[in-house]
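# Secondary and tertiary structure notes
Chain by chain, the residues:
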Amino acid sequence: LVTTTAGHLLSAAFLEQDDDTSVRDLVKHATATDMVIPDWYYLTNSQCAVTQKENPKVTATISSSSQALIIPRYTNGLDNKWHGQETQAMLADPKTNTCVAQKLSDLIIKSGVAGINVDLENLRPEDKDNYLDFLNTLASDLHQQQKILTVDVSVGDPAYDLEYIGQIADYV
């Protein structure tokens, strides 16, 4: 649950779209859910590439059973592996960093969803500034199109500047 600036609680549901139980549970609780975060986008290499795994049937189920905002997740975790080294390399190259942020923004705008959730893990403290550059570029692109940026963080991890991320993201 997330508290908005107005003090209202928002409920967010992370959705494993390949898990039938996860989809059934979402449908069961759809009216109590404000935000659905399906796993659609993945970082699996250090290039300007975004791996997509949207299940149109699940997306249709979400849309028909809920008024919740659809905010796909972009993560570096896939197939029980965190792609930390690939993420570090992507973030360290300014051109690739910017390219991935722009590619994600374009995907979000094209898909018509409300925004994106970023969940990049296995970052090192020395990745912090590059990560903030990435988030700044993405936030700027998304906010120009009235799209939402949410960011997952590991509390207490020095790779995440919580205060700064809180200033540029809509929800943390």
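Keep in mind that what you see is a predicted model, and the values were worked out from it rather than measured. (Residues numbered from 1 in each chain as written. Predicted model: local features only at pLDDT ≥ 70, side-chain atom pairs only at ≥ 80, totals over all residues. Heavy atoms only, no water.)

## Let's talk about the overall build of the chain
Each helix and strand counted, the chain has six helices and eleven strands in total. For 172 residues, the compact-globule estimate of 2.2 N^0.38 gives 16 Å, and the C-alpha radius of gyration of the chain, at 16 Å, lies within 12% of that figure. In terms of principal-axis extent, the alpha carbons of the chain reach across some 40 × 35 × 30 Å. Taken across its 172 residues, the chain has 44% of its residues classed as buried. (Helix = DSSP H or I, 4+ residues; strand = E, 2+ residues; numbered from the N terminus. Rg over C-alpha atoms; globule rule 2.2 N^0.38 Å. Buried < 20%, exposed > 50% of the residue type's maximum accessible area, 1.4 Å probe, protein only.)

## Structural notes on the packing of aromatic side chains
Considering all chains together, one arrives at three aromatic pairs under this definition. With a centroid separation of 6.0 Å and an interplanar angle of 90 degrees, the aromatic rings of tryptophan 40 and tyrosine 41 are classed as edge-to-face. The pair formed by tryptophan 40 and tyrosine 41 is uniform in burial state, with each residue classed as buried. (Phe/Tyr/Trp six-rings, centres within 6.5 Å; stacked < 30°, edge-to-face > 60°.)

## A word on the state of the cysteines
In total, this model carries one disulfide according to the counting rule given. Bridging cysteine 48 to cysteine 99, the disulfide has an S-S length of 1.8 Å. Judged by the torsion about the S-S bond (-80 degrees), the cysteine 48/cysteine 99 disulfide is left-handed. Highlighted residues: cysteine 48 in the loop between strand S4 (35-42) and strand S5 (51-52) and cysteine 99 in helix H4 (residues 94-111), separated in sequence by 51 residues. Under the relative-accessibility criterion, cysteine 48 is labelled partly exposed at 22%. The exposure class of cysteine 99 is partly exposed, given its relative accessible area of 29%. (Disulfide = S-S within 2.5 Å.)

## Here's the deal with the nonpolar core
In a soluble, globular protein the nonpolar side chains are often hidden away together inside. Tyr74, Ile116, Tyr131 and Phe134 are the most contacted members of the largest nonpolar core, which has 39 residues in total. Look past the residues within four positions of isoleucine 116 in its chain and what remains in contact with it is Tyr41, Ile71, Pro72, Tyr74, Leu104, Ile108, Leu138, Leu142, Ile148, Leu149 and Thr150. Counting six residues, the second largest nonpolar core, distinct from the first, contains Leu10, Met35, Ile37 and Ile148. (Core = buried A, V, L, I, M, F, W, Y, C linked by side-chain atoms within 4.5 Å. Contact = heavy atoms within 4.5 Å.)

## With respect to the environment of leucine 43
Tracing the backbone through its elements, the reader meets leucine 43 in the loop between S4 and S5. With 41 residues separating them along the chain, leucine 43 and glycine 84 place their C-alpha atoms 9.5 Å apart. Once residues within four sequence positions are removed from consideration, leucine 43 is found in contact with Tyr74, Thr75, Asn76, His83, Glu86, Thr87 and Met90.

## Description of the layout of surface pockets
The calculated volume of the largest pocket comes to roughly 190 Å³. Contributions of two or more residues to the lining of the largest pocket are made by S4, strand S7 (73-75) and strand S8 (77-78). Class assignment of the residues belonging to the lining of the largest pocket gives a composition of three nonpolar, four polar and seven charged. (1 Å grid on protein atoms, 1.4 Å probe; cavity = no way out; pocket = protein on both sides within 12 Å on 5 of 7 lines; lining within 4 Å. Points joined across faces, edges and corners; volume = space filled by probe spheres on them. Nonpolar A, V, L, I, M, F, W, Y, C, P; charged D, E, K, R; others polar.)

## Looking at the pattern of salt bridges
This model, assessed by the stated rule, comprises six salt bridges. The closest approach of N and O atoms between arginine 73 and aspartate 119, which form a salt bridge, is 2.5 Å. Taken as a pair, arginine 73 in strand S7 and aspartate 119 in strand S10 (residues 115-119) lie far apart in primary sequence, 46 residues in all. For the pair formed by arginine 73 and aspartate 119, the shared burial category is buried. One salt bridge connects glutamate 126 with arginine 124, and the closest N-O pair in it is separated by 3.6 Å. One connected set of salt bridges, linked through shared partners, spans Asp39, Arg73 and Asp119. (Salt bridge = Lys/Arg side-chain N within 4 Å of Asp/Glu carboxyl O.)

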